[in-house]
Amino acid sequence: MDLTLEQVAGILTKTEDEVMFLVQSNRLRAGMVENDRSFSWTFQLDDVLKIKAELESELEEDDEEM
């Protein structure tokens, strides 16, 4: 299932810029689709759910260390 940048930001509770940082740091894969002479980012649901689990795990580890 393809998701938009806005949908991914909502799922991850991140800003669109934070999602794109995950893409730039190779933690999340993104594709591009052309729509009426413009391009938009697309993401796979499985990839998004995987990074969401990783991010939640990292938060839990940080909380345990405090």
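Before reading on, note that the structure itself is shown above.
For every chain, the first residue of the written sequence is number 1, and numbering continues from 1 along that sequence. Only residues with pLDDT of 70 or above have their local features reported here, since the model is predicted, and side-chain atom pairs are shown and tallied only from 80 upward, although totals for entire chains, interfaces and linings are computed over all residues. Side-chain calculation: all heavy atoms of the structure are included, whereas hydrogens and water are not.

Concerning the environment of S40
Then step 1. Where helices and strands are cited, they refer to DSSP runs of H or I of at least four residues and of E of at least two residues respectively, numbered from the N terminus. Within the secondary structure, S40 is located in strand 3 (residues 38-44).
Then step 2. Remark: the alpha-carbon pair of S40 and S57, spanning 17 residues in sequence, is separated by 29 Å.
Then step 3. The residues contacting S40, other than those within four sequence positions of it, are G31, M32, V33 and N35.
Then step 4. Side-chain atoms alone can form a polar contact between residues adjacent in sequence; in general such a contact is a pair of N or O atoms within 3.5 Å, and within protein one must be able to donate a hydrogen while the other accepts it. Among the polar contacts made by the side chain of S40, one reaches the side chain of N35 at a distance of 3.3 Å. We call two residues contacting when some pair of their heavy atoms lies within 4.5 Å.

Thoughts on the pattern of salt bridges
Then step 1. When a carboxyl oxygen of Asp or Glu is within 4 Å of a side-chain nitrogen of Lys or Arg, the pair counts as a salt bridge. Tallied over the entire structure, the rule returns four salt bridges.
Then step 2. E58 is paired through a salt bridge with R27; the nearest N and O atoms lie 2.6 Å apart. Remark: R27 occurs in the loop between helix 2 (16-24) and strand 2 (31-35) and E58 occurs in helix 3 (residues 45-65); sequence separation between them is 31 residues.
Then step 3. What makes E58 partly exposed here is its relative accessible area of 32%.
Then step 4. A salt bridge links K52 to E56, with the shortest nitrogen-to-oxygen separation between them at 3.6 Å. Residue K52 and its partner E56 are located together in helix 3, separated by four residues, close to a single helical turn.
Then step 5. To sort residues, take the accessible area from a 1.4 Å probe on protein chains only and compare it with the maximum for the residue type: under 20% means buried, over 50% means exposed, and anything in between is partly exposed. On the accessibility criterion, E56 (40% relative accessible area) is partly exposed.

Honestly, it's all geometry; don't read function into it.
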